[in-house]
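The chain contents come next:
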Amino acid sequence: MASPFSTLDSLSLERAANRTIRHARVDLSHRPFIVIWEVTRACDLACLHCRATSMATADPAELSTADGLELIDQIAAFGSPPPLFVLTGGDPLKRRDLVELVRHAASRGLPTALSPSATPLLTTQALAELKDAGLVAISLSLDGSSAPIHDSFRGREQTFARTLEAWERAHEIGLKVQVNTTVTRRNLRDLAAIARLVLEHRAMTWSVFFLVQTGRGSGLEQILPTECEDVLNFLYDVGAIFPVKTTEAHHFKRVAMQRAIIEQTGSAADRAFEPGETYRYLRREFGPIVPTGRRRRPPLDINAARGFVFVSHTGEVYPSGFLPLSAGNVRTTELPSLYRTSAIFTALRETRLLEGRCGACEFAPVCGGSRSRAFAQTGDLLAEDALCGYEPGSFPYQAELAALLVPMLKDRGHSGDERDPATAV
Ligand code: SF4
């Protein structure tokens, strides 16, 4: 069969590629697309899957206000276009200097977002002050479609109600809201109901995180690779009606490319997509999906150290918040230098160093698997991602895939501005 892409000219092919996977149109070896700073580990919640293993009071060793202002200057030094800047925790609202930090970031031209915890500190007044200081967006965690499911994750009653309340208040004062959901076995079959809430309450983006068994999340049960495949295909479907992104499931990009090719090739491609029981259940529970035109937001081709950098509460610089291998500390070395030249960051940007199935995979240049999960499960930063069940070379439409990959890889390293608060938090 002739490739469905073979009749497209190079410009049309490039457009088709960009509709499938989005590029951060900056040189990702030179500057990140997004910088996340864990401003504190203090938090009044006790979430079952907390990466930060949060505590009630702040660590005396956390970065001071002066350190934080200096860090923001270092982030601004990456140049234009500036990275997205996200303040996370713990609960950032536990810091008294939060408004000052946000104001300074905005004054340095950084598009700034916040990941607060849904506690009594998350008031309309606090959000309004932060917005006045220059905050663009917030992200709120939603791990269940009802109070019993969500609150049992979060370790405190009333968290579900506070989340919905803050969601509405944030909209009223003009802040964009992203919703974050962590997928574990506990909420796997609740995902369709959560997706309906995301749609009904008009979230800017649904950010779906796939558990890495680290921190307090070490004790939670991971879903199977086949279930993950079903969830990613469900996310691809709902991505036709609202923006969806994944964290620590980079193979969403593989699924998006496979589905795009399958859609192009028509019914003859059925053998390339065999949905499982979890997919059928989620689709049935969600109900009809009527695409509204172009896909709302294709996945973005960034990964740990390739467009992404995480700064801990004490200033350690990690490729991801779930990959606790430090490249150095911003108290002693400037962040741009650590991002551009440290051994960990440069090695992670070389997909040819990957091992196992990820090393052999034709999708590795745009995917690469979760380095955090590989490290958490095997101690090897470059091992295959066990949550992906793909066998390299098994996708039957390799010619079509190659046609899509070529313009994507050619595009790498071009300059431009893709800043978008929809990926900010
Ligand atoms: S095998 Fe690795 S690189 Fe290939 S799709 Fe899966 S996670 Fe991505």
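It should be emphasised that the depicted structure is a prediction, and the values quoted were computed from it without experimental measurement.

Draft legend 1. Summary view of the overall build of the protein chain. Of the regular secondary structure elements, the protein chain holds 15 helices and ten strands. Within the protein chain, the fraction of its 425 residues that count as buried is 58%. Roughly 16,300 Å² of accessible area belongs to the protein chain as shown, and the carbon and sulfur atoms make up 52% of that amount.

Draft legend 2. Local environment of the packing of helix α5 (residues 147-154) against helix α6 (residues 159-172). Two elements in contact, α5 and α6, have axes whose closest approach is 8 Å; the angle formed by their N-to-C orientations is 100°. In terms of orientation, α5 and α6 fall into the roughly perpendicular class. Seen from α5, the contacting residues are Ala147, His150, Asp151 and Arg154; seen from α6, they are Thr159, Phe160 and Thr163. Residue composition of the contact of α5 with α6, grouped by class: two nonpolar, three polar and two charged.

Draft legend 3. The arrangement of the site of the ligand in detail. Near the ligand you find His251, Arg254, Cys358, Cys361, Ala364, Cys367, Gly368, Gly369 and Cys388, and these make up its full shell. Classifying every residue of the shell around the ligand gives five nonpolar, three polar and one charged.

Draft legend 4. Structural context of α6. In this model, α6 (14 residues) spans 20 Å end to end at C-alpha, consistent with the 20 Å of a helix rising 1.5 Å per residue. Of all the positions in α6, only Thr159, Phe160, Thr163, Leu164, Ala166, Trp167 and Ala170 are classed as buried. For α6, the angular spread of buried residues about the axis comes to 160°, placing them on one side. Residues of α6 that are buried make contact with α4 (124-133), β4 (137-141), α5, β5 (176-183) and α7 (191-200).

Draft legend 5. Expanded view of the environment of alanine 58. Relative to the helices and strands, alanine 58 is located in the loop between β1 (34-38) and α2 (65-76). A residue is classified by how much of its surface remains accessible, and alanine 58, at 40% relative accessible area, is partly exposed. Separated by 255 residues in the primary sequence, alanine 58 and histidine 313 place their C-alpha atoms 9.4 Å from one another. Residue contacts for alanine 58: discarding those within four places in its chain leaves Thr40 and Ala42.

Draft legend 6. How the structure looks around the environment of asparagine 187. Relative to the helices and strands, asparagine 187 is located in the loop between β5 and α7. Aside from chain neighbours lying at most four places away, what touches asparagine 187 is Asp143, Phe153, Thr181 and Thr182.

Draft legend 7. Structural context of helix α8 (residues 225-238). An ideal rise of 1.5 Å per residue puts 20 Å on 14 residues; α8 measures up with 20 Å between its terminal C-alpha atoms. Looking only at α8, the buried set comprises Glu227, Cys228, Asp230, Val231, Leu232, Asn233, Phe234, Leu235, Tyr236, Asp237 and Val238. Residues of α8 that are buried sit in contact with α7, β6 (205-210), β7 (244-247), α9 (252-265) and α10 (277-286).

Draft legend 8. View of the packing of aromatic side chains. Applying the stated criterion to the full structure yields nine aromatic pairs. Pairing phenylalanine 363 with tyrosine 390 gives two aromatic rings, centres 5.4 Å apart and planes at 85°, and the pair type is edge-to-face. Taken together, the residues span a long stretch of sequence, with phenylalanine 363 in the loop between α13 (356-360) and α14 (371-378) and tyrosine 390 in the loop between α14 and α15 (398-410) at a distance of 27 residues. For tyrosine 390, a relative accessible area of 8% corresponds to the buried category. Here a set of aromatic residues connected by ring pairs shows up, and it is made of Phe363, Tyr390, Phe395 and Tyr397. Lying across the ring of tyrosine 281, arginine 189 places its NZ or CZ 3.7 Å from the centre. When the ring centre of tyrosine 339 is taken as reference, the NZ or CZ atom of arginine 349 above it lies at 4.9 Å.

Draft legend 9. Fine view of the environment of proline 288. Relative to the elements of secondary structure, proline 288 occurs in the loop between α10 and β8 (303-304). Sequence spacing of proline 288 and valine 238 is 50 residues, and the spatial spacing of their C-alpha atoms is 9.8 Å.

Draft legend 10. Spotlight on the confidence of the model for the protein chain. Predicted confidence across the protein chain gives a mean pLDDT of 88, with 87% of residues reaching 70 or more. Segment residues 413-425 is flagged for pLDDT under 50; beyond a separation of four residues in sequence, or across chains, it makes 49 contacts in the model.

Draft legend 11. Local environment of the side chain of lysine 253. Within the secondary structure layout, lysine 253 lies in helix α9. Of the side chains with opposite charge, aspartate 301 lies nearest to the buried lysine 253, which makes no salt bridge, at 6.7 Å.

Draft legend 12. Here's a closer look at the pattern of salt bridges. By the definition in use, this model includes 17 salt bridges. The residue glutamate 172 makes a salt bridge to arginine 169 at a minimum N-O spacing of 2.7 Å. A residue pair is termed a helical-turn pair when its members lie 3 or 4 positions apart in one helix, as glutamate 172 and arginine 169 do in helix α6 at three residues. The class of arginine 169 is partly exposed, set by a relative accessible area of 22%. By sharing partners, the salt bridges in this structure join Glu62, Arg95 and Asp97 into a single network.

Calculation criteria
Residues numbered from 1 in each chain as written. Predicted model: local features only at pLDDT ≥ 70, side-chain atom pairs only at ≥ 80, totals over all residues. Heavy atoms only, no water. Helix = DSSP H or I, 4+ residues; strand = E, 2+ residues; numbered from the N terminus. Buried < 20%, exposed > 50% of the residue type's maximum accessible area, 1.4 Å probe, protein only. Areas by Shrake-Rupley, 256 points an atom, 1.4 Å probe, with all protein chains shown as cover. Axes fitted to C-alpha atoms, helices over the stretch in contact; angles between N-to-C directions. Parallel < 35°, antiparallel > 145°, perpendicular 65-115°, else oblique. Contact = heavy atoms within 4.5 Å. Nonpolar A, V, L, I, M, F, W, Y, C, P; charged D, E, K, R; others polar. Near = heavy atom within 4 Å. Expected span 1.5 Å × (residues − 1). Arc of directions from axis to C-beta. Phe/Tyr/Trp six-rings, centres within 6.5 Å; stacked < 30°, edge-to-face > 60°. Lys NZ or Arg CZ within 6 Å of the ring centre and 35° of its normal. pLDDT = per-residue confidence, 0-100. Lys, Arg positive; Asp, Glu negative; His and termini not counted. Salt bridge = Lys/Arg side-chain N within 4 Å of Asp/Glu carboxyl O.

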